[in-house]
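Chain by chain, the residues run as shown.
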Amino acid sequence: KKAATRTIQPQNNADTAKLRAVGKGDRCVGTFRCPHQLLKEESGIKKMTDLASRIEAAKAQVASLKDQIDRTRSSKKNQSMGGAVRGKGSSPPAIRGPPSCKVRRTLKGHFGKVTAMHWAGDSKALVSASQDGKLLLWNAVTTNKLRAVSLKSTYVMTVGIEQSKGNLVACGGLDNLCTIYKLDTDAGEPQEMASHNGFLSCCRFLSQEQILTASGDSTIIFWDIASSKPVETLAEHKNDVMSLCIQPKSRQVFVSSSVDRTAKLWDIRKPGGAVMTFSGYHEGDINSIDFMPNDTNVFGTASEDGTARVYDIRAHSEIAKFGRLMTEGEGFTSVSFSRSGRLLFAGHAESNVMAFDILADKAAPAFTLNQAHEQHVSCLGVNPKGDALCTGSWDATLKIWA
């Protein structure tokens, strides 16, 4: 009788777990599972299988739709730009490439990666930004440093100089601020404008009183400089906005590019969002964008997918594609047109600069500045006069090509 009523003592932790599991509904006892739990597991597996099949069907549908779009676009491209020129009975002149095009000046003075540069309106001065925490204003002809500005944050990602007088410089980066410095006076503190919730990727002056900034928070802000307050916030991009370019002949119109793989055309006189959106072309982040100087209806983009593309606003379409599509790597970092618009320069993460002929019917470059720098080419730009190309790199130097 005593043996029948004595308490069973667990011998180890596993026995304790089994004893606790007894009498708790549909929970497992030992290694056995109840029918209710098995049904739940089978139902979950079936749902996962159904979801996977629906995902695959959606991917196939997207691929099919993309092919249809590509075919429709191809059917409308009845002629290339080069074919149009030759159809008029004229042939474009030969392009002057290396060895005629070569390094004329090397600007040394930074001690960290050069992340951005921008030409002044006089085509002689330019400003550069580096991770050494300095902005340097250069005379590109003499290579002299005209001004050095120490920054509060070393993580600067963009710089822009006002084009009419060249007395204002703006910069920003991971501090989320747009900071404006006056170059014509040593008095006063720099002006800081805060509203973005992400890093500053690009800043461009519209005038002495107005500036545009692009950010990793997916927005573009139109600022009034005097009050340091936003006039308008443009929030149509779905991901980081990487680059801005203002139309040369109309300071009211600009284009933007984004990690969401779209380019947008804006007019600050027209409320209600972007005027046009160009999507479905690039297959990677669009890192840079630039207007053609002599035809403001045309702009170009450079992407991490390894291609550079040209668009016409009147056609609301891509009109030319250059480069080779990449599935891995960083691709192109920056883009800029020559003064005539004949050449499209694109800086590459592999230290090269490629020059594409807009009038050629081939995707390959007209010429390449091989190993233009020792490291990643981070930025480039043709000056307003059109007689020099500046490239900046992570090797801490800038080079002037002509």
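Residues numbered from 1 in each chain as written. Predicted model: local features only at pLDDT ≥ 70, side-chain atom pairs only at ≥ 80, totals over all residues. Heavy atoms only, no water.

**Quick look at the pattern of salt bridges**
In this structure the tally under the stated criterion is 7 salt bridges. Taking the shortest distance from any N to any O, the salt bridge between Glu-236 and Lys-264 comes out at 3.8 Å. With a gap of 28 residues between them, Glu-236 in the loop between strand S13 (229-234) and strand S14 (241-246) and Lys-264 in strand S16 (residues 263-267) connect regions that are remote in the sequence. Residue classification places Lys-264 among the buried positions, given a relative accessible area of 7%. Connected through salt bridges with shared partners, the residues Asp-295, Asp-312 and Arg-314 form a single ionic network. (Salt bridge = Lys/Arg side-chain N within 4 Å of Asp/Glu carboxyl O. Helix = DSSP H or I, 4+ residues; strand = E, 2+ residues; numbered from the N terminus. Buried < 20%, exposed > 50% of the residue type's maximum accessible area, 1.4 Å probe, protein only.)

**So, the environment of Val-253**
Examined against the element boundaries, Val-253 turns out to sit in strand S15 (residues 253-258). For Val-253, a relative accessible area of 10% corresponds to the buried category. Excluding residues that lie within four positions of it along the chain, Val-253 makes contacts with Ile-246, Gln-247, Leu-265, Trp-266, Asp-267 and Arg-269. (Contact = heavy atoms within 4.5 Å.)

**Regarding the sheet that holds strand S25 (residues 367-369)**
Strand order in the open sheet formed by 4 strands is S22-S23-S24-S25, with antiparallel pairing between adjacent strands. Lying at the two open borders of the sheet, with one neighbouring strand each, are strand S22 (332-337) and S25. Neighbouring strand axes in the sheet, compared pairwise and without regard to direction, differ in orientation by 20° on average. The sheet contact formed by strand S23 (residues 343-348) and strand S24 (residues 353-357) spans 5 bridges and is antiparallel. Each residue of the ladder has a partner; that of Phe-345, found in S24, is Ala-355. (Pairing = 2+ DSSP bridges. Axes fitted to C-alpha atoms, helices over the stretch in contact; angles between N-to-C directions.)

**What about unusual backbone geometry?**
The omega angle of the peptide bond from Pro-98 to Pro-99 is 5°, so this bond is cis rather than trans. By secondary structure assignment, the location of Pro-99 is in the loop between helix H4 (81-87) and strand S1 (103-108). Its identity is not glycine, yet Ser-123 carries a phi of approximately 65°, on the positive side. Residue placement: Ser-123 occurs in the loop between strand S2 (114-119) and strand S3 (125-130). Judged by its relative accessible area of 11%, Ser-123 falls in the buried class. Of note, the phi angle at Arg-261 is positive, near 70°, even though the residue is not glycine.

**Structural notes on a positive patch on the surface**
A cluster of basic residues, Arg-96, Lys-102, Arg-104 and Arg-105, forms a positive patch on the protein surface. Along the chain, Lys-102 falls in the loop between H4 and S1. (Patch = residues over 30% accessible without salt bridge, like charges linked within 9 Å, V, L, I, M, F, W, Y side chains within 5 Å. Areas by Shrake-Rupley, 256 points an atom, 1.4 Å probe, with all protein chains shown as cover. Lys, Arg positive; Asp, Glu negative; His and termini not counted. Charge placed at Lys NZ, Arg CZ, Asp CG, Glu CD.)

**Considerations on the pairing of strand S7 (residues 168-173)**
For S7, the buried fraction is high: 6 of the 6 residues fall into the buried class. Every second residue of S7 is oriented toward a common face, with Leu-168, Ala-170 and Gly-172 on one face and Val-169, Cys-171 and Gly-173 on the other, all of them buried. Of the pairings in the sheet, the one linking strand S6 (residues 156-161) to S7 comprises 5 bridges and is antiparallel in character. Along S7, the bridge assignment pairs Val-156 with Gly-173. Connecting the antiparallel pair S6 and S7 is a turn made up of 6 residues, with Gly-166 showing a positive phi of about 70°.

**Structural notes on the packing of aromatic side chains**
If you walk through the whole model with that rule in mind, you get 8 aromatic pairs. Geometrically, the ring pair formed by Tyr-281 and Tyr-311 is edge-to-face, given 5.5 Å between the ring centres and 75° between the ring planes. In this pair, Tyr-281 is assigned in the loop between strand S17 (276-278) and strand S18 (286-291) and Tyr-311 in strand S20 (residues 307-312), connecting sequence segments 30 residues apart. Taking the relative accessible area as the measure of exposure, Tyr-281 reaches 11% and is therefore buried. (Phe/Tyr/Trp six-rings, centres within 6.5 Å; stacked < 30°, edge-to-face > 60°.)

**So, the sheet that holds strand S5 (residues 145-150)**
Strands sit in the order S2-S3-S4-S5 across an open sheet of 4 strands; the sheet is antiparallel. The open sheet has two edge strands with one neighbour each: S2 and S5. Neighbour-to-neighbour, the strand axes of this sheet turn through a mean angle of 15°, independent of strand direction. Pairing analysis gives 5 bridges linking S2 to S3, with the strands arranged antiparallel. Following the sheet pairing, Trp-119 is matched in S3 by Leu-126.

**With respect to the environment of Ser-228**
Relative to the elements of secondary structure, Ser-228 occurs in the loop between strand S12 (220-224) and S13. In this structure the C-alpha to C-alpha distance between Ser-228 and Met-193, which are 35 residues apart in sequence, comes to 5.4 Å. Not counting the four nearest positions on each side in its chain, Ser-228 is found in contact with Gln-191, Glu-192, Met-193 and Trp-223.

**Some remarks on the side chain of Ser-288**
Among the structural elements, Ser-288 can be located in strand S18. Polar contacts involving the side chain of Ser-288 include one to the main-chain amide nitrogen of Val-335, which spans 3.1 Å. The residues contacting Ser-288, other than those within four sequence positions of it, are Ser-243, Ser-257, Gly-300, Thr-301, Ala-302, Thr-333, Ser-334 and Val-335. (Polar contact = N/O pair within 3.5 Å; in protein donor to acceptor, adjacent residues only side chain to side chain.)

**Regarding the confidence of the model for the protein chain**
Note: predicted coordinates in regions of low pLDDT should not be interpreted at a detailed level. For the protein chain, the average pLDDT comes to 88, and 90% of its residues sit at 70 or higher. Below a pLDDT of 50 lies the segment residues 1-8, which in the model reaches 0 contacts outside its immediate sequence neighbourhood of four places, other chains included. Within the model, pLDDT remains below 50 along residues 21-29, and this stretch shows 8 contacts once partners closer than five positions in the same chain are excluded. (pLDDT = per-residue confidence, 0-100.)

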